[in-house]
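What follows is the residue order along each chain.
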Amino acid sequence: MSALWSVGAGLLLLLLWVRHRGLEAVLVHHRWVFVCFFLLPLSILFDIYYQLRAWAVWRLHSAPRQHAQRVRHIQEQVREWKKEGSRRYMCTGRPGWLTVSLRVGKYKKTHKNIMINLMDVLEVDSERQVVRVEPLVSMGQLTAYLNPMGWTIPVVPELDDLTVGGLIMGTGIESSSHIYGLFQHTCVAYELVLADGSLVRCSPTENSDLFYAVPWSCGTLGFLVAAEIKMVPAKKYVKIHYEPVRGLQKICEKFTEESKKKENSFVEGLMYSLDEAVIMTGVLTDEAEQSKINRIGNYYKPWFFKHVEKYLKADRTGVEYIPSRHYYHRHTRSIFWELQDIIPFGNNPVFRYLFGWMVPPKISLLKLTQGEAIRKLYEQHHVVQDMLVPIKSLEKSIQTFHVDLNVYPIWLCPFILPNNPGMVHPKGNEAELYVDIGAYGEPKSKQFEARASMRQMEKFVRSVHGFQMLYADCYMTREEFWDMFDGSLYHKLREEMNCKDAFPEVYDKICKAARH
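These numbers come from a predicted model, not from an experiment.

### Here's the deal with the pairing of strand 8 (residues 223-230)
Logical step 1: Among the eight residues that make up strand 8, seven are buried, leaving the element largely enclosed by the rest of the structure.
Logical step 2: In the sheet, strand 4 (residues 130-133) pairs with strand 8 via four bridges, with the strands oriented antiparallel. What sits directly across from Val-133, in strand 8, is Ala-227.

Listed below in C-alpha cells is the structure:
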C-alpha cells in the first residue's frame, strides 16, 4: 500500500511540475519526461493488445475466413465512392500518426477515407515457400509467426512496426539485400482493389505491368489487400564478424568488397565519423560457440550501435553469435540511434535494467503527441533520410553527406537492384549493386538549412542516378521528381486504370512542394 502511495505522490508532483512549466515547454525541452512516464507504458499496452489479438486469430484460424469478407467491405466502400460522384480522391482510412514515416499526411483530412482493417497472416505454404499476408502485418509480427515454424523471409526490414503494405507501396531494405534486393523483390504476387472496385491479382506472369508498377507508388494505383512473399529456411544464429576500418577510401573498398561476396548472408556498415567505421558481415548457422552467444535483443543489453562502437574504440575485430530474431531487430530498441535524442540516458545500464523492457516507445505515439512546436523543431534541425546510390559512387556520396549534413552514425546497407520495369531500376540494362546511406539525427554542419541542404542532397543523388526513399521529407519539384524516378509505366497504368480521378499522383502525396 505504501508503494502505491509513493507512486501516487510522485505522479502528483510530476503533474504539478508540468503545470508550472507548461505542457509545451516540457514536451519540447524535457520530452523524455513525457516519453518515460506516459508513452512507454502506453506502448506496452499497445503491444499486449496486438499480441493477444494475433494469438486469438491464430487459435481460432479466423484470418482466411474473415479476409474475403473484409475485402468485400473495401470493394463496397469504393463502389459507394463511385455512386457519390467520385468527387474526392481516395486514400486508406488508417490515421497518419499510425505510420512509421515521420511525415503526417494532411491529405487524410480532405480525401475519402477507405477503412482497411487487414492485419493478419493468412497462409503459410511450405511447399511453394511462400507466406500470404495482409498489408498491415508488421515485421515483428511476421518473424514471430514464422520463426517457430522454421521459416523467415529473405529481407526483414529493421523496425518491428514496419508493415508489409508500407514496405511494398514504399520500400524496405535489410543487410541481406545484397543477395535478395529490396523488400519488393522478395514478393511474388499482390492482390489489389482497384479504382472501379474490382479485385485483381498480379504477379510477374499475371497482370505483370501492375505487379512492377505497385512498388513505390504509395497507394496511388489501388488498395493493397494481400501479398505473397518468399520464405527461406530459418537458422538459429547469425555468426557476425566485426571489423573496424579507418580511412574513407579503405572503408568504401572494404564495404564494396564484402557486399559482392554472396557467401555473406548479411553485410552492414556503421560510420561513426568521416574516416571511422565498423563493417559487419554475417552468416546464418545452427551451431554456435556458447561463450560467444550475445542475445543483443534482451532488454538489459546495450543498444546495438553502442555495442558495435566498442570494437572501433578498442580497435579490434570480433566474432559473435546472435540469435536470428535478435539480429533481425537489432536496431529496434534504440530506433537505430534516434532514441538517444529523446531519452539521453536510455543506454545507461541502470535505465536499461529497470526500464529497458518498455523500450522503445511506439513511433506512432511519438508522432501523435509531438505537437506543432516539436514538429517544426524536427523539420528544421533534424534529418531522417535514406538515399540509395550506386555503390561505385559511395565515397563521393559519403563526402557529400558529410559536407551537407555531418550526421553520425551513418548506416550503410548494400542491395542488388535488378533491371525490372517500374519506378526504380538501374540506368543500364543489367542489375547493379547499390547502397542505402541512412542519416538519422541532428546535423552538425554549420551551413545546414533544411530545405536548401536537402535540395542540394537530392540534386546530388539525381546526378549519380540514385533514389530517395519516399517516407522522408522530399523537397523536389515535380520535374525533378520524375527525373529521379521512371514514371513511364506508372503513368501509363494510371491512365489505363482510370486512377487520375481516384488517387492523387505519388508526387502530390509525398512531396513537400506539393503539400504546402
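### As for the sheet that holds strand 6 (residues 187-193)
Within a sheet, adjacent strands bond to each other through the backbone by hydrogen bonds, running parallel or antiparallel.
Logical step 1: Ordered by their spatial adjacency, five strands build an open sheet running 3-4-8-6-7, and the pairing between neighbours is antiparallel. Here the strands that pair on one side only, and so sit at the sheet edges, are strand 3 (121-125) and strand 7 (199-202). Between one strand axis and the next, the sheet turns through 15 degrees on average, direction left out of account.
Logical step 2: Lying on the sheet, helix 5 (residues 139-146) is in contact with strand 3 and strand 4; it crosses strand 3 at an angle near 40 degrees.

### A look at the sheet that holds strand 16 (residues 432-441)
Logical step 1: Spatially, 13-10-12-11-15-16-14-17 is the arrangement adopted by the eight strands of the open sheet, whose pairing is antiparallel. This sheet does not close on itself; its edge strands, each paired only once, are strand 13 (318-323) and strand 17 (467-468).
Logical step 2: Across seven bridges, strand 11 (residues 266-273) lies against strand 12 (residues 276-285) in antiparallel orientation. Residue Met-271 lies in a different strand from strand 12, and its bridge partner there is Ala-277.
Logical step 3: On the sheet, helix 10 (residues 304-314) packs against strand 10 (237-246), strand 11, strand 12 and strand 13 and is oriented at approximately 50 degrees with respect to strand 10.

### A closer look at the nonpolar core
Logical step 1: The biggest cluster of nonpolar side chains holds 147 residues, and the ones touching the most others in it are Tyr-190, Leu-210, Phe-481 and Phe-485.
Logical step 2: Ranked by the residues each element gives to this core, the list is headed by strand 15 (residues 410-417), at seven residues.
Logical step 3: With sequence-adjacent residues up to four places away left out, Phe-481 is seen in contact with Met-423, Leu-470, Cys-474, Met-476, Val-506, Tyr-507, Ile-510 and Cys-511.

### A short note on the UniProt feature "transmembrane region" (unreviewed entry) in the protein chain
Logical step 1: UniProt records the feature "transmembrane region" (unreviewed entry) for residues 32-50 in the present numbering.
Logical step 2: From the first C-alpha to the last, residues 32-50 spans 25 Å; its make-up is 100% helix and 0% strand.

### Regarding the environment of Ile-335
Logical step 1: Looking at the secondary structure, you find Ile-335 in the loop between helix 11 (324-328) and helix 12 (339-342).
Logical step 2: Put simply, Ile-335 and Glu-158 are 177 residues apart on the chain and 9.0 Å apart in space, counted from C-alpha to C-alpha.
Logical step 3: With residues near it in sequence (within four places) discarded, Ile-335 still touches Leu-159, Pro-360, Pro-361, Ile-363 and Leu-366.

### Structural notes on the side chain of Thr-171
Logical step 1: Relative to the assigned elements, Thr-171 resides in the loop between helix 6 (164-169) and helix 7 (177-180).
Logical step 2: Apart from residues no more than four positions distant in its own chain, Thr-171 is found in contact with Gly-166, Leu-182, Gln-184, Trp-216 and Met-469.

### Description of the pattern of salt bridges
Logical step 1: Counted according to the given criterion, the structure contains 28 salt bridges.
Logical step 2: For Asp-209, the salt bridge is made with Lys-492, and the minimal N-O distance between the two is 3.0 Å. Separated by 283 residues along the polypeptide, Asp-209 in helix 8 (residues 208-213) and Lys-492 in helix 19 (residues 488-496) bring together distant segments of the chain.
Logical step 3: By sharing partners, the salt bridges in this structure join Glu-243, Lys-254, Glu-257, Glu-258 and Lys-261 into a single network.

### Observations regarding the packing of aromatic side chains
When we look at a pair of aromatic rings, we describe it by the centre distance and by the angle of the planes.
Logical step 1: All told, the structure shown has 26 aromatic pairs when counted by the stated rule.
Logical step 2: With a centroid separation of 5.1 Å and an interplanar angle of 65 degrees, the aromatic rings of Phe-336 and Trp-411 are classed as edge-to-face. Here Phe-336, found in the loop between helix 11 and helix 12, pairs with Trp-411, found in strand 15; they are 75 residues apart in sequence, far enough to count as distant.
Logical step 3: With a relative accessible area of 8%, Phe-336 lands in the buried category.
Logical step 4: Between the aromatic rings of Trp-337 and Tyr-440, the centroid separation amounts to 5.7 Å while the plane-to-plane angle is 40 degrees, which identifies the pairing as tilted. One end of the pair, Trp-337, is in the loop between helix 11 and helix 12; the other, Tyr-440, is in strand 16, with 103 residues separating them in the sequence. By the burial criterion, Trp-337 is buried, and Tyr-440 matches it.
Logical step 5: One aromatic cluster is present, built from ring pairs that chain together Trp-216, Phe-415, Tyr-434, Phe-467, Phe-481, Trp-482, Phe-485, Tyr-490 and Tyr-507.
Logical step 6: When the ring centre of Tyr-327 is taken as reference, the NZ or CZ atom of Arg-330 above it lies at 4.1 Å.

### Observations regarding a nonpolar patch on the surface
Logical step 1: A contiguous nonpolar surface patch, about 360 Å² in accessible area, is contributed by Trp-32, Phe-37, Phe-38 and Phe-345.
Logical step 2: With respect to the helices, strands and loops of the structure, Trp-32 is situated in helix 3 (residues 31-60).

Definitions and cut-offs
- Residues numbered from 1 in each chain as written.
- Predicted model: local features only at pLDDT ≥ 70, side-chain atom pairs only at ≥ 80, totals over all residues.
- Heavy atoms only, no water.
- Buried < 20%, exposed > 50% of the residue type's maximum accessible area, 1.4 Å probe, protein only.
- Helix = DSSP H or I, 4+ residues; strand = E, 2+ residues; numbered from the N terminus.
- Pairing = 2+ DSSP bridges.
- Axes fitted to C-alpha atoms, helices over the stretch in contact; angles between N-to-C directions.
- Contact = heavy atoms within 4.5 Å.
- Core = buried A, V, L, I, M, F, W, Y, C linked by side-chain atoms within 4.5 Å.
- UniProt positions renumbered as here; feature names shortened; annotations may be inferred.
- Salt bridge = Lys/Arg side-chain N within 4 Å of Asp/Glu carboxyl O.
- Phe/Tyr/Trp six-rings, centres within 6.5 Å; stacked < 30°, edge-to-face > 60°.
- Lys NZ or Arg CZ within 6 Å of the ring centre and 35° of its normal.
- Patch = residues over 30% accessible without salt bridge, like charges linked within 9 Å, V, L, I, M, F, W, Y side chains within 5 Å.
- Areas by Shrake-Rupley, 256 points an atom, 1.4 Å probe, with all protein chains shown as cover.

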